[in-house]
Amino acid sequence: MKRYFYIAATLLATCLVGCDDEEFLDREPKNILSEEQIFNNEDLVLAVVADLYARYPEYQALNQQNEQADFNEAFASRDEGRHQNSEYGYGNWGWWDYAYIRELNIFLEKIETAEQIDPEARERFKAEVRWLRAAVYFEAVKRVGGVPLILQTMEYDFSGDPAYLQTPRAKEHEVYDFIIQEMNEVLPSLPADASIKDRATQGLAQALKSRAALYAGSIAKYGAIRTPEVSLPGGEVGIPAEMANGYYTTALEAAQEIIAGNAGAYALYMKNPNDLSANFGNLFRDENGNPEAIFVNDFKLKSGKVNNWTLENQPLSQSEEGTTGGRVNPSLNLVQSFELIEGNTYAPFKTEGAGGNFIVYEDQLDIFAGRDARLYATIILPGSTYRPGGEKVDIWAGLYLPATNAFVSAPERGQIDNTLGVQAVGFDGPINRFGGTAQTGFYVRKYMDPTPGAGQIGTQSDVWYIRYRYGEVLLNAAEAAFELGQPELAAEYMNQVRRRAGFTTDLTPAEITFDRIVHERRVELAFEGHQLWDLKRWRLAHVKLNGQNMDEQMLTQNIGDAEKIRTQVFGLWPYKIYSPGAANHNKWIYDIVKPSAVTGADRFRLGNYYSEIDEDIRNKNPLIVRNPNQ
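The notes below deal with the structure included here. Each chain carries its own residue numbering, running from 1 in the direction its sequence is written. Predicted model: local features are reported for residues with pLDDT of at least 70 only, side-chain atom pairs are reported and counted for 80 or more only, and whole-chain, interface and lining totals are derived from all residues. Remark: hydrogens and water are excluded; side-chain values derive from all non-hydrogen atoms of the structure.

Attention now goes to the overall build of the chain. Per the convention used, a helix needs a DSSP run of H or I reaching at least four residues, while a strand needs a run of E reaching at least two, with both numbered from the N terminus. Of regular secondary structure, the chain possesses 20 helices and 10 strands. With respect to the three principal axes, the spread of C-alpha positions in the chain is 95 × 70 × 50 Å. Counting the 630 residues in the chain, one finds 54% classified as buried. For this analysis, residues touch if any pair of their heavy atoms sits within 4.5 Å. A separation threshold of at least 6 residues defines the contact pool for the chain, and within that pool the share at least 24 residues apart is 72%. Here the Shrake-Rupley method, with its probe set to 1.4 Å, supplies the accessible areas, and only the displayed protein chains count as covering residues. Carbon and sulfur atoms make up 50% of the accessible area of the chain, which amounts to about 26100 Å² in all. Counted as positive: Lys and Arg. Counted as negative: Asp and Glu, with His and the chain ends omitted from the count. Lys charges are placed at NZ, Arg charges at CZ, Asp charges at CG and Glu charges at CD. Distance from the positive charge centre (61 side chains) to the negative charge centre (87 side chains) of the chain: 4 Å. A 1.4 Å probe rolled over the protein chains alone gives each residue an accessible area, and that area as a share of the maximum for its type sets the label: buried under 20%, exposed over 50%, partly exposed in between.

This is how it looks when you write it as structure tokens:
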């Protein structure tokens, strides 16, 4: 404390002796920019806009590993406690960030008076921030329902009565209508340039409009069918059923603007037509002329903005520093959903023959043969390689001894069994409750960066995260067309996505069903942050996550049924046959398991459809009504 006093006294004395008081006080600070300086300089305005983009809210993105396991599409290998819970909290996935909205509104008011900025650039900045504000309101409405639409800055007059600032929640459909209207208005001021990936464009405006309208249409239709009790009399939650077709029409038309090339030259990524799995995998890593990405969250090495997806999910046996990896283990529930190419059919993996005996596979990958090419690009399977041309991952749970029908394993990765004198478990597991091993038998591949250094704590990865892409636009169009009774059009759009995945026989219009719509989005968009919002808008979350315990039969039946429950995570564990001298020695069998850490069965309550608005917020503004069923 004394040291700080001397410093302060010295500074004061220096100021008193060496400064002219008025000159000193009038001197402009060198480390702070005034609003006038910022809004008279195009580069500085761009920096402010970049900062606003950087605060775009996300859920289940690249740096949010454990959230990928929230709905049993994966097992959280280093956070297994979440698989022992049953109910989701009412406050989960909430939003109430009006500080962010205020800054967006301040920007829009300031840019109006920025006369030194080129008019065309000023209009583009304004359109970008209006896009961003609409996108934030979209995040708000899909989380908590209708929220106050604050479109101007609010100032407190210190009168002691803040009542004039209290604004009620808008109706849910009014927020969606606002988003759609904003996209219509900002469109002319945005570039129709598909090479721009990290700023608002006409393609992005149409993509947001399509996605938001699809959500609103789904809530209107399926809310009335499945959850009429999830509503409020004032319309803050719930959208009238008669509005559904209008929203579906808007969603379809916006998607078609992109598909027709009117918003820029977007297309499905097809740089590797001879290897469709590699092609689908590269879609998420190729940042050079990628025609499919519409809007991304960009990262850059040595900039302070990197992602840890690869670091946290690399196979342990090939971890760059030997300690970190394997956090997200995709569930068998998801993996078995990738169809067989032949016949466009769903099928569980065959582990046992008619007599109940294990089916023997020559190679670990044989059990996965003939499936949708997206499977191999989304999941690291047992017997596959992590890096192109590299070593195989070492995923196997133990040894199977046919002579005694016994299983032998070990508690440590790659451990030698003292009795048999051979390795008894893979270096990647699965070892039950051993964090980082493949406890479902799988690791995640989508977005994994094989670049050396990406798996190191001090480096990490700069692979971008795609928030909007053309493949989703096609599926939006397919779903909207289906809901509008245009199955031919729906099939046309969906089959484009499926052909890219290797399907050689198109689905007919008659085969386009609601189940198909739900299924196709699940496998195409896995680990891209759509799980929760799709289940909510279709009002399927409380059906699929109903709190019921699952058994193996429930897991393997009715694959492709949109209402099939998904309350618990299952795995598929490979075992190596140990039978020296026998024909099947060192071949493989598989066993379906439920990891022992999975003791809870997830239950999504009706009160989870719209996140709880905190009591403190409601106390400060009594006009904010509480969400239903909480």
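The patches described consist of residues with a relative accessible area above 30% and no salt bridge, like charges being joined within 9 Å and nonpolar side chains (Val, Leu, Ile, Met, Phe, Trp, Tyr) within 5 Å. Definition used for salt bridges: Asp or Glu carboxyl oxygen within 4 Å of a side-chain nitrogen of Lys or Arg. On the surface, Tyr156, Phe158 and Tyr164 cluster together into a nonpolar patch covering about 370 Å² of accessible area. Here Tyr156 falls in the partly exposed class, since its relative accessible area comes to 34%.

Note on terminology: a nonpolar core comprises buried Ala, Val, Leu, Ile, Met, Phe, Trp, Tyr and Cys residues joined through side-chain atoms within 4.5 Å. Ranked by internal contacts, the top residues of the largest apolar core, which has 111 residues, are Phe107, Trp131 and Tyr176. Broken down by element, the residue count for this core peaks at 14 residues, all from helix H6 (residues 119-144). Apart from residues lying up to four places away in sequence, Tyr176 is in contact with Phe138, Val141, Lys142, Ala212, Tyr215, Ala216, Ile219, Ile239 and Tyr247. Residues Val296, Ala377, Leu572 and Tyr590 belong to the second largest nonpolar core, which totals 59 residues.

On to the packing of helix H14 (residues 470-483) against helix H16 (residues 514-524). Here, axes are lines fitted to C-alpha atoms. For helices the fit covers the stretch in contact, and angles between N-to-C directions go from 0 to 180 degrees. With their axes 10 Å apart at the nearest point, H14 and H16 run at an angle of 170 degrees to one another. One element, H14, and the other, H16, form an angle in the roughly antiparallel class. Contacts between H14 and H16 involve Glu472, Leu475, Asn476, Ala478, Glu479, Phe482 and Glu483 on the former and, on the latter, Phe514, Ile517, Glu520, Arg521 and Glu524. Each residue is assigned to one of three groups, with Ala, Val, Leu, Ile, Met, Phe, Trp, Tyr, Cys and Pro labelled nonpolar, Asp, Glu, Lys and Arg labelled charged, and all others, Gly among them, labelled polar. Residue composition of the contact of H14 with H16, by class: five nonpolar, one polar and six charged. Each angle is binned into one of four classes, with values under 35 degrees roughly parallel, values over 145 roughly antiparallel, values of 65 to 115 roughly perpendicular, and all other values oblique.

Time to look at the environment of Ile577. With respect to the helices, strands and loops of the structure, Ile577 is situated in strand S9 (residues 571-577). Overall, the relative accessible area of 2% leaves Ile577 in the buried class. C-alpha separation for the pair Ile577 and Ser77, spaced 500 residues apart in sequence, amounts to 26 Å.

Per the stated rule, a full pass over the model turns up 46 salt bridges. Residue Glu128 is joined to Arg124 by a salt bridge in which the shortest nitrogen-to-oxygen separation is 4.0 Å. With Glu128 and Arg124 both in helix H6 and four residues apart, this pair spans about one turn of that helix. The exposure class assigned to Glu128 is buried, which follows from its relative accessible area of 0%. Under the relative-accessibility criterion, Arg124 is labelled partly exposed at 22%. Among the salt bridges present, the one from Glu139 reaches Lys142, with a minimum N-O distance of 3.0 Å. Pair noted here: Glu139 and Lys142 are both in helix H6, with a separation of three residues, about one helical turn.

Glancing now at the side chain of Arg469. Within the secondary structure, Arg469 is located in strand S8 (residues 465-469). Classification of Arg469 by relative accessible area gives buried; the value is 2%. Here Glu528 takes part through its side chain, which lies 2.8 Å from a polar atom of the side chain of Arg469. Apart from residues lying up to four places away in sequence, Arg469 is in contact with Phe280, Leu283, Phe284, Glu292, Ala293, Ile294, Arg500, Glu524, Leu525 and Glu528. Pairing of N or O atoms within 3.5 Å defines a polar contact, subject to two protein rules: one partner must be a possible hydrogen donor and the other a possible acceptor, and residues neighboring in sequence count only if both atoms are side-chain atoms.

Bringing the packing of aromatic side chains into the picture now. Side-chain rings of Phe, Tyr and Trp, where Trp is taken by its six-membered ring, are said to pair if the distance between their centres is within 6.5 Å; with planes under 30 degrees apart they count as stacked, over 60 as edge-to-face, and otherwise as tilted. Summed over the entire model, instances satisfying the criterion amount to 33 aromatic pairs. Plain terms: the ring middles of Trp93 and Phe604 are 5.8 Å apart, the flat faces sit at 10 degrees to each other, and that makes the pair stacked. Placement of the pair is Trp93 in the loop between strand S1 (74-76) and helix H5 (98-112) and Phe604 in the loop between strand S10 (588-593) and helix H20 (615-620), with a sequence separation of 511 residues. Each member of the pair, Trp93 together with Phe604, is buried. Between Phe358 and Phe407, the ring centres sit 6.0 Å apart and the planes meet at 90 degrees, which makes this aromatic pair edge-to-face. Taken as a pair, Phe358 in the loop between helix H12 (332-335) and helix H13 (373-378) and Phe407 in strand S6 (residues 406-408) lie far apart in primary sequence, 49 residues in all. With a relative accessible area of 22%, Phe358 lands in the partly exposed category. Of the aromatic side chains, those joined through ring pairs into one cluster are Phe71, Tyr88, Trp93, Phe604 and Tyr609. Two conditions define a charge sitting above a ring: the NZ of Lys or the CZ of Arg must be within 6 Å of the ring centre, and it must be within 35 degrees of the ring normal. Over the face of the ring belonging to Tyr609 we find Arg539, whose NZ or CZ atom lies 4.9 Å from the ring centre.

This part covers the sheet that holds strand S5 (residues 398-401). The strand order S6-S5-S9-S10 describes an open sheet built from four strands, whose pairing is mixed. With partners counted over all chains shown, the strands left at the sheet margins are S6 and S10, one partner each. With strand direction ignored, the average angle separating the axes of adjacent strands in the sheet is 40 degrees. Should DSSP find at least two bridges between two strands, the strands are regarded as paired. Alignment of S9 against S10, held across six bridges, turns out to be antiparallel. Each bridged residue has a counterpart across the sheet, and for Pro574 the counterpart in S10 is Tyr590.

Time to look at the layout of surface pockets. Think of a 1 Å grid over just the protein atoms. A cavity is a set of points where a 1.4 Å probe fits yet cannot get out, a pocket is an open set with protein on both sides within 12 Å along at least five of seven lines, and lining residues have an atom within 4 Å of a point. Grid points are joined across faces, edges and corners, and a volume is the space filled by probe spheres set on the points. Approximately 600 Å³ is the volume attributed to the largest pocket. Lining the largest pocket are 21 residues; nearest its centre among them are Trp96, Tyr98, Met154, Leu165 and Asn621. For the lining of the largest pocket, the secondary structure elements donating two or more residues are H5 and H20. Residue contributions to the lining of the largest pocket peak at five residues, all from H5. The wall of the second largest pocket is formed by 25 residues, among which Tyr53, Ala54, Asn297, Asp298 and Lys305 lie closest to the centre. Mapped by element, the contributors of at least two residues to the lining of the second largest pocket are helix H4 (42-54), strand S2 (293-297) and S8. Considering every element that reaches the lining of the second largest pocket, the biggest residue donor is H4, with six residues. Tallied by class, the residues present in the lining of the second largest pocket amount to 13 nonpolar, four polar and eight charged.

Honestly, that's just the spatial picture; any functional story needs more than this.
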